[in-house]
Amino acid sequence: MPNTSTRPKRGRRNRRVPREDPARNELVSRSLESAQQCLFNQDYGTAFVHYLLVLNLAPVLKDFASESFRFTLFKWADELDSLGRIQDLFDCYEQALELFPTDEVIINSMGEHLFRMGFRDEAAGHFHKALKLKPDYPEAKENFYRVANWLVERWHFLMLNDRRRNHKYQQAIQKAVEGGCNTVLDIGTGTGILGMCAKKAGAAEVYACELSKTMYELACEVVTANGMNGRIKILHMKSLEMEVPKDIPKRVSLVVTETVDAGLFGEGIIESLIHAWNHLLLPPQSTQDPSRPPSHAGRVIPAGATVFGMAVQCLEIRRLATAAAGELHSPVSCSSEDDSTEPYTTERLSRLPGGYTPLTEPFNALDIDFNNVQELEGLCSREVSRVRLPVTGEGLLDALAVWFQLHLDQQSSLSTGPKEDTCWEQAIYPVQTPHSRIIYIRHVCTLSVQNIRNTFPLALRTASTLWGMDSVRSLNAEAELCSALACLGTEQSSGPRDYTMLECAEMALLNNQPYHDSFRRALAKLITNLKDARSVQGPSQGQGLEVMPLTDPPSGPMDPGPDPFYVLDVSEGFSVLSLMAASQGQVKAYSSVEKTQHQAVLRRLAMANGVPEEALEFWLNQVEDEQAVLQRPSREKLWSAIILDCVETCGLVRQKLMEKATLARCLLEDGGQIFPERIVLYGMLVESDTLLLESAVQGQEPTLGFNIAPFINQFTVPVHVFLDLSTLQCRHLSDSVELFILDLMNTNANYTNRDVKVQASASGRVTAVPFWYQIHLNEEISVSTFNQDSHWKQAAVVLHQPLAVREGDWVRLAVTLQKSSISISI
Ligand code: 44T
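Remember, it's a predicted structure, so these values are computed and weren't measured experimentally.

1. Overview of the pattern of salt bridges
Per the counting criterion, the structure on display carries 26 salt bridges. For arginine 70, the salt bridge is made with glutamate 67, and the minimal N-O distance between the two is 3.3 Å. A residue pair is termed a helical-turn pair when its members lie 3 or 4 positions apart in one helix, as arginine 70 and glutamate 67 do in helix H3 (residues 62-83) at three residues. Arginine 70 sits in the buried class, given a relative accessible area of 19%. Judged by relative accessible area, which is 53%, glutamate 67 ranks as exposed.

Here you go:
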């Protein structure tokens, strides 16, 4: 969750202009000496204070001391960060920036601290500023691209590029305004587009609210650029906080909104509309008094929605939702119990790798009238209704796919269905255990499947027993409704649930059998080699044999007799490789997973797979436990193997990978190994309009006549992540080619720039270069991140300007490695 509170600010000090005098010079030189001495002694706090004094008194020394000053600042900031002294940390940065206001490295680094603490907007501002100061600064670029995706989500581009949707909204708004609705509130204005439509249609007063700071600022820019500054009042707030007359002078006659996500309810539309009807809108047109003019009645665009569901079998969803019972038995299940996570995922059904099989016809799950506040309030407490649906296809029930039709008004609607050609994805509510016969969608609908083979008697009911009318208002109605459609779980047993939670990507990782098998084989090979080496050297000379045991000598099934091989898994997210290592015998594995949930999963898996408890430890728990730290061996070169998770699920190389590899190499015993030892980057040329539509507002034509593209396109990022290349709509314009090699066992051997020539195999427009990796665990064993069973997704560089090629043309790709970030350009 982004940190929405404002971070502590430091008061400005008045700085006096220093005068030349010998005493001051003396003080400067002594302080400089002290600063250097403290730096040498790693007393960064004191060094920082001395440097501040020196540079404030003698700004001429700035050039000379800037490097050491920065170094001191970063070290001291890291210490303050780990001590939780946040106010002090930001004070230091602000003092540093008073001295070096245009230092992009300091600005970027402050952004990184802000980002880590959840102040994403402010962090983005810093990265942006650093980039403006030095457009080629790779760290700031990478950081900005990362936050840009958070700040302005990619779907904004998709929606603005969806002309049909834009046009339909515009028509509906125009009709309503021309029909007499002349005071308008746009809830969740985004770029301001719907509010501007209302103004253009002639509405007398237009208000708009937007809860995201970045989007609010963008909307202000766009509205000004379109000459409507002062004619649309934009508020940076959530509609639920708005009051009459504090924020808007009086109730409005029209609310326009598109605060809906793929599951309809996820952006809180029901709660927003209940609030709007109770506080911001004029009363609705009543059937008793139809003579009331539209300007005196309230209404909403969209007028309502119809929600559809369809039961499907889909192997890809199963892979993301449930742990396969492979060699490693997994008593783990994907769950949406945690309120903070969305209870559904989203997918474009038509683009699921491996496709899907409908098990029922689409069924109408819910009809909602947004102009009827009683109905909105009653949504959570409706009577149970049972629907029997015939099974139309045979298979296992993996998920319920949900989509909706948004009725803008009586005539016009938009559909987000899987058969439509829209930018929308569908909401996917996975079934927790694929083989279960009784499945419930709790809360709003309860779906019970009794006989998978023949019929699908669905019990569809609203949650009358869960919430009474009174509680509806105090509860977050959407959260409830969301889980309503969402919480598709197995029938509750009487006892507590016997599973641990994992997210979908983590579940896919757990199911990445080929990767785990490869790792197991590669580690077994290493251990055999090390054993051979030990037997040659004799037990007392072998590296790593003189170390003190990390804990009491193990006993029981783990007791290996000879000293174990130590394996450290420093993967940043969830990883089961430490467990794989521990299951090899004669291995003591350390995992660096931090989350208690992840640790719990590993413990459970260890238990279920007969891995002795003492064979797997958690490194961070050890480090925190002072006793354990004392027991750590004095020898450093302890590790037989260190595991790095070099590629993130999103398809990018892990940040700081090369630095980590360098460090890891220093900690390996003789003959020890880093896993993987090498990764090779592959890519190809493609023509993909889909990628363009997700990347920027396309074309020169204004959007609905408004100038929006140049503003939102500032948030275009050249690298797209989480792609599924196997289903990406694109034309291949070349074969795949090797682009770069990253050698982790010998980081110095890596080149930093490489020109790769790629020959076009067909004519077309190159719009993107998708890329992926071959992960070499050792000389013989490797896995690809572009593989159906993989939990990894792929990434792509989307070109700023498409490049026309003819078959046989050669295209030169410049691939560079700066720190751990790889960039590709044409
Ligand atoms: N994504 C659709 C969801 N807001 C659209 O801050 C479809 C996703 C999608 N502001 C792929 C394709 C698609 N008061 O900027 C946002 C949000 C703001 C509010 C003030 C409120 N109560 C709210 C609630 C939300 O409204 C804007 C639009 S939300 C639309 C979500 C293309 N993946």
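2. Points about the sheet that holds strand E34 (residues 821-825)
An order of E29-E33-E34 is seen for the three strands of this open sheet, with the pairing classed as antiparallel. Each having just a single partner strand, strand E29 (753-759) and E34 make up the two edges of the open sheet. Taking each pair of neighbouring strands and ignoring which way they run, the sheet shows an average axis angle of 25°. Taken together, the five bridges between strand E33 (residues 810-818) and E34 define a ladder with antiparallel strand orientation. Within E34, the position partnered with valine 815 by the bridge is isoleucine 824.

3. Comments concerning the pairing of strand E20 (residues 587-591)
Of all five residues in E20, five are buried, a share of seventy percent or more. Side chains of E20 alternate between two faces, with Val587, Ala589 and Ser591 and Lys588 and Tyr590 buried alike. The sheet contact formed by strand E19 (residues 565-569) and E20 spans five bridges and is parallel. Across the sheet, the residue bridging to aspartate 569 is serine 591, located in E20. With helix H19 (residues 577-582) bridging E19 and the parallel E20, this β-α-β connection has right-handed handedness.

4. Points about helix H23 (residues 657-666)
Each α-helix turn comprises 3.6 residues. Residues three or four places apart therefore point the same way. For H23, the complete set of buried residues consists of Leu657, Met658, Ala661 and Ala664. Take H23 and look down its axis: the buried residues cluster within an arc of 120°, on one side only. Elements in contact with the buried residues of H23: strand E22 (639-643), strand E23 (668-675), strand E24 (678-683) and strand E28 (737-743).

5. What about the confidence of the model for the chain?
Here the chain shows a mean pLDDT of 82. Residues at 70 or above account for 79%. Note that pLDDT drops below 50 for residues 540-560; the model gives that stretch 41 contacts with residues more than four away or on any other chain. Low pLDDT (under 50) marks residues 628-635, which in the prediction has 17 contacts with non-local residues, meaning those over four places away or in another chain.

6. Considerations on the site of the ligand
Among the 20 residues in the neighbourhood of the ligand, the closest are listed as Met159, Gly188, Glu210, Ser239 and Val260. Taking glycine 188, its main chain carries an N or O atom lying 3.5 Å from an oxygen atom of the ligand. In the environment of the ligand, an oxygen atom lies 2.6 Å from a nitrogen or oxygen atom belonging to the side chain of glutamate 210. Out of a free accessible area of 720 Å², the ligand has 91% covered by protein chains. A class-by-class count of the residues in the shell around the ligand yields ten nonpolar, four polar and six charged.

7. Quick notes on empty space enclosed by the protein
Empty space among the atoms can be located by rolling a probe the size of a water molecule over them. Applying the stated criterion to the full structure yields four cavities of 30 Å³ or more. Looking at the largest cavity, its volume works out to about 70 Å³. Forming the walls of the largest cavity are Asp162, Arg164, Arg165, Leu414, Ser415, Thr416, Asp421, Thr422 and Trp424. Of all the secondary structure elements, the ones that give two or more residues to the lining of the largest cavity are helix H9 (163-178) and strand E13 (413-415). For the lining of the largest cavity, the residue count by class is two nonpolar, three polar and four charged.

8. Here's the deal with the side chain of threonine 306
Summarising the element assignment, threonine 306 is placed in strand E6 (residues 304-313). Overall, threonine 306 belongs to the buried group, its relative accessible area being 6%. Reaching out from threonine 306, the side chain makes a polar contact with the side chain of aspartate 367 at a distance of 2.8 Å. Setting aside its immediate chain neighbours within four residues, threonine 306 contacts Asn364, Leu366, Asp367, Trp403, Phe404, Gln405 and His407.

9. Considerations on unusual backbone geometry
In terms of backbone geometry, most residues other than glycine have negative phi values and most peptide bonds are trans. Residues valine 244 and proline 245 are joined by a peptide bond in cis, for which omega reads 5°. Its location among the elements puts proline 245 in the loop between strand E3 (232-235) and strand E4 (254-257). Residue proline 676 is bonded to the preceding phenylalanine 675 through a cis peptide linkage, with omega at -5°. Residue position: proline 676 is located in the loop between E23 and E24. Although it is not a glycine, glutamine 42 sits at a positive phi angle of roughly 60°. Looking at the element boundaries, glutamine 42 is found in the loop between helix H1 (22-40) and helix H2 (44-57). Taking relative accessible area as the criterion, glutamine 42 reaches 54% and is therefore assigned exposed. In this structure, lysine 656 takes a positive phi of about 60° despite not being glycine. Of note, lysine 656 is situated in the loop between E22 and H23. Residue classification places lysine 656 among the exposed positions, given a relative accessible area of 51%.

10. Focus: the environment of alanine 305
Within the fold, alanine 305 resides in strand E6. A relative accessible area of 1% places alanine 305 in the buried class. In this structure, the C-alpha to C-alpha distance between alanine 305 and histidine 407, residues 102 residues apart in sequence, is 5.5 Å. If near-sequence neighbours (up to four positions away) are discounted, alanine 305 is found in contact with Leu264, Leu366, Asp367, Ile368, Phe370, Gln405, Leu406 and His407.

11. Some points on the UniProt feature "repeat: TPR" (unreviewed entry) in the chain
Under the UniProt annotation, the feature "repeat: TPR" (unreviewed entry) is placed at residues 104-137. End-to-end, the C-alpha atoms of residues 104-137 are 8 Å apart, and along that stretch the chain is 79% helix and 0% strand.

12. As for helix H10 (residues 193-200)
With respect to burial, H10 is a largely interior element, seven of its eight residues being buried. Turning to H10, its buried residues are Ile193, Leu194, Gly195, Met196, Cys197, Ala198 and Lys199. Backbone geometry just downstream of H10 places glycine 202 in the positive-phi region, at approximately 110°.

13. Here we look at the sheet that holds E19
Here five strands make up an open sheet; going across it, the order is E21-E20-E19-E22-E23 and the pairing parallel. Only two strands of the sheet have a single partner each, and these edge strands are strand E21 (616-618) and E23. On average, adjacent strands in this sheet sit at an angle of 20° to one another, irrespective of strand direction. Pairing of E20 with E21 involves three bridges; the strand directions are parallel. Paired with tyrosine 590 across the bridge in E21 is glutamate 617. Against the sheet, H23 contacts E22 and E23, and its axis sits at roughly 155° relative to E23.

14. What about the nonpolar core?
If you look at the biggest cluster of nonpolar residues, it comprises 128 residues, and the most contacted ones within it are Phe69 and Phe370. If you look at the next biggest cluster of nonpolar residues, it comprises 85 residues, including Leu579, Leu652, Met658 and Phe675.

Procedures and definitions
Residues numbered from 1 in each chain as written. Predicted model: local features only at pLDDT ≥ 70, side-chain atom pairs only at ≥ 80, totals over all residues. Heavy atoms only, no water. Salt bridge = Lys/Arg side-chain N within 4 Å of Asp/Glu carboxyl O. Helix = DSSP H or I, 4+ residues; strand = E, 2+ residues; numbered from the N terminus. Buried < 20%, exposed > 50% of the residue type's maximum accessible area, 1.4 Å probe, protein only. Pairing = 2+ DSSP bridges. Axes fitted to C-alpha atoms, helices over the stretch in contact; angles between N-to-C directions. Right-handed = clockwise from strand over helix to strand, strands pointing away. Arc of directions from axis to C-beta. Contact = heavy atoms within 4.5 Å. pLDDT = per-residue confidence, 0-100. Near = heavy atom within 4 Å. Polar contact = N/O pair within 3.5 Å; in protein donor to acceptor, adjacent residues only side chain to side chain. Areas by Shrake-Rupley, 256 points an atom, 1.4 Å probe, with all protein chains shown as cover. Nonpolar A, V, L, I, M, F, W, Y, C, P; charged D, E, K, R; others polar. 1 Å grid on protein atoms, 1.4 Å probe; cavity = no way out; pocket = protein on both sides within 12 Å on 5 of 7 lines; lining within 4 Å. Points joined across faces, edges and corners; volume = space filled by probe spheres on them. UniProt positions renumbered as here; feature names shortened; annotations may be inferred. Core = buried A, V, L, I, M, F, W, Y, C linked by side-chain atoms within 4.5 Å.

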